[in-house]
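# Chain and residue survey
Now for the letters of each chain:
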Amino acid sequence: MSYGMLFQKTYEMMKWIYPAVNKFPRKQRLILSQRIETTAIRILELVIDMSQRDTATNRRKIIYEVHKLQILFRICKDLSYLSFRKYEHVSEMLKEISYILDELGGGVPAMQACENLYDELCSFENLCLAYRKARKGKSSKPYVADFSMNMEQELMKLKKELEDFSYNPRPLKKFVIRDPKTRVISASDFRDRIVHHALCNIIGPVFEKSFIHDSYANRKGKGTHAAMKRFDAFKKKVSGNGRILPHAKDTSMVAGYVLKADIKHCFNSIDHYKMLEMIGRKIKDRDVMWLMKKIIRNSPNHGKGMPLGNLTSQFFANVYLTELDTFVKHELNARFYIRYMDDFLIMDSSYSVLEEFKKRISFFLECKLKIELHPEKSNIIPLHKGTNFLGFRIFYYYKLPKKSNFRAMERRIGKMISMFSKGEMEKSKVMESMEGWNSYAIHGNTYKARRSMSKRIRNELDKFREVHL
């Protein structure tokens, strides 16, 4: 490889860029087109300088600008200003430039896989992926729009802070929600959420192997509906396919029991020292551990507790409770066990077996993990009386959303209709909220309830329209 080849590839890229960006929508030409052109010119200038003075600093500057250009073109593709074919073409040109640079420097290709976890975490590819995940469903938020306007510069700044270990999480913003119980949510700044996603992208696969099959929270391919399907499969096995109890009053009184348990103030009770000890068994990269300590210790109470609302809090809680999963499955040999974050249940045909399980689990949690079962929410319930789990009350033959969820939805819809009548909300927003509730309620036996709610909303909206005609 030679400087002549590097200059040729850079010049070819420049010739391709100018006609491509001139086809962008006019409103965006002054924003994206100008940035792309300026960055491309900067790369060409640095390549010319490099032919006169080849230093590691010059190569790093070119790679920096190449990565910036890659991010800008990714934005163009996401906004449909650039076709996938053209994006692939320009990406290949940028990779070729990076490869030639690396060959001239005698190292490993700049855009290839990183040597360790922290390098991979700080890579532009990972930060871009983390940015897309963090903004998902929040693109209309002002703070996301502000960050996106200078995305490449912000990501570069974040990358530099992570690489020189000057990164510090910003203070958490607290607010209270009542849904239906009161919770204090501690929200991280948007740039910190990007770091959280970047961290989970890298360490997630490491811990995924240690999670049991029946842990359903915050994992790809799992979730609430998968957990409820598993519940349905377990209840058939425990009850012997719906075996009726002796002296049963009706056919719904099937055999079997459920130990439904909840961990008291789980997120607020997690011990930082114990958490870092668990993570350290799997993660040997000191730099990654440094970042995790920064995130874990950015909480209201020093030494204990994880702030509700952070992706990392959910992930770390899952890791923390993996020891409970191991104890239940391997020490207690419980076959029918399901956990969703700090809610878990065990099914069995024997009441006394579940009673023994409850005692041993309570002792294990207090001694080993320094947390405890909720005394009021941890009970053994006959299967036929219905189990409150993940927002539903699940019986053997059917399941219904909890009454509190019905009431909350009615209040929310009533409020939205009132706002619509005052001209503060569009009809489409009301119907969108209704569709969202339907997509949740459809997983239960709620046909009549959904039809009644939908009819009521349409009548209210039509009544308002008739008044204003």
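Residues numbered from 1 in each chain as written. Predicted model: local features only at pLDDT ≥ 70, side-chain atom pairs only at ≥ 80, totals over all residues. Heavy atoms only, no water.

Our focus in this paragraph is a nonpolar patch on the surface. The grouping of I244, Y397, Y398 and L400 at the surface amounts to a nonpolar patch, some 360 Å² of accessible area in total. Mapped onto the fold, Y397 is located in the loop between β8 (392-394) and β9 (399-401). (Patch = residues over 30% accessible without salt bridge, like charges linked within 9 Å, V, L, I, M, F, W, Y side chains within 5 Å. Areas by Shrake-Rupley, 256 points an atom, 1.4 Å probe, with all protein chains shown as cover. Salt bridge = Lys/Arg side-chain N within 4 Å of Asp/Glu carboxyl O. Helix = DSSP H or I, 4+ residues; strand = E, 2+ residues; numbered from the N terminus.)

To continue, consider a positive patch on the surface. Among the surface-exposed residues, R393, K403, R407, R411 and R412 lie close enough to one another that they form a single positively charged patch. With four residues, the single largest contributor to the positive patch is helix α17 (residues 403-421). On the accessibility criterion, R393 (31% relative accessible area) is partly exposed. (Lys, Arg positive; Asp, Glu negative; His and termini not counted. Charge placed at Lys NZ, Arg CZ, Asp CG, Glu CD. Buried < 20%, exposed > 50% of the residue type's maximum accessible area, 1.4 Å probe, protein only.)

Not every positive phi belongs to a glycine, and F165 is a case in point at roughly 60°. Tracing the backbone shows F165 in the loop between α8 (151-163) and β1 (173-178). For N333, which is not a glycine, the phi torsion comes out positive at approximately 55°. With respect to the element layout, N333 can be found in the loop between α15 (322-331) and β4 (336-340).

What holds strands together in a sheet is hydrogen bonding between their backbones, with the strands either parallel or antiparallel. Taken in spatial order, the four strands make up an open sheet running β4-β5-β3-β6, and their pairing is antiparallel. Of all strands in the sheet, those with a lone pairing partner are β4 and β6 (379-382), marking the two edges. Strand after strand, the sheet turns through a mean of 20° between neighbouring axes, direction not considered. On top of the sheet, α15 reaches β4 and β5 (343-348); it is set at about 175° to β4, its chief contact. (Pairing = 2+ DSSP bridges. Axes fitted to C-alpha atoms, helices over the stretch in contact; angles between N-to-C directions. Contact = heavy atoms within 4.5 Å.)

Counted according to the given criterion, the structure contains 14 salt bridges. In this structure, the salt-bridge partner of R219 is E208, at a minimum N-O distance of 2.5 Å. In this pair, R219 sits in the loop between α9 (190-208) and α10 (224-238) while E208 sits in helix α9, placing the two residues eleven residues apart along the sequence. Its relative accessible area of 33% is what places E208 among the partly exposed residues. Taking the shortest distance from any N to any O, the salt bridge between K399 and D232 comes out at 3.2 Å. Taken together, the residues K399 in strand β9 and D232 in helix α10 connect sequence positions 167 residues apart. When its relative accessible area of 19% is taken as the criterion, D232 is described as buried. Taken together, the shared-partner salt bridges in this structure form one network comprising D232, K235 and K399.

Let us look at the sheet that holds β9. With antiparallel pairing, three strands are arranged side by side in an open sheet as β7-β8-β9. Either end of the sheet is taken by a strand with one partner, and the two such strands are β7 (387-389) and β9. Sheet twist, expressed as the mean angle between neighbouring strand axes with direction ignored, is 25°. As judged from the three bridges shared by β8 and β9, these two strands associate in the antiparallel manner. Counterpart to I394 in the pairing with β9 is K399. Docked against the sheet, α10 engages β7, β8 and β9, running at close to 15° with respect to β8.

Time to look at the side chain of T322. Along the polypeptide, T322 turns up in helix α15. Taking the relative accessible area as the measure of exposure, T322 reaches 10% and is therefore buried. Only 2.8 Å separates the side chain of T322 from the backbone oxygen of N318, close enough to count as a polar contact. If we ignore the near neighbours within four places in the chain, the residues touching T322 are S210, F211 and R339. (Polar contact = N/O pair within 3.5 Å; in protein donor to acceptor, adjacent residues only side chain to side chain.)

Moving on to the packing of aromatic side chains. Counting across every chain of the model gives 17 aromatic pairs. Judged by centre distance (6.4 Å) and plane angle (70°), the ring pair of F211 and F315 falls under edge-to-face. Here F211 is found in the loop between α9 and α10, whereas its partner F315 is found in helix α14 (residues 311-320), with 104 residues between them in sequence. Take F211: its relative accessible area is 8%, and that puts it in the buried class. Overall, F315 belongs to the buried group, its relative accessible area being 7%. Aromatic pair F315 and F316: ring centres 6.1 Å apart, planes at 65°, arrangement edge-to-face. Ring pairs connect the aromatic residues Y131, Y143, F147 and F190, which therefore count as one cluster. Between the NZ or CZ atom of K235 and the centre of the ring of Y396, over which it lies, the distance is 5.6 Å. (Phe/Tyr/Trp six-rings, centres within 6.5 Å; stacked < 30°, edge-to-face > 60°. Lys NZ or Arg CZ within 6 Å of the ring centre and 35° of its normal.)

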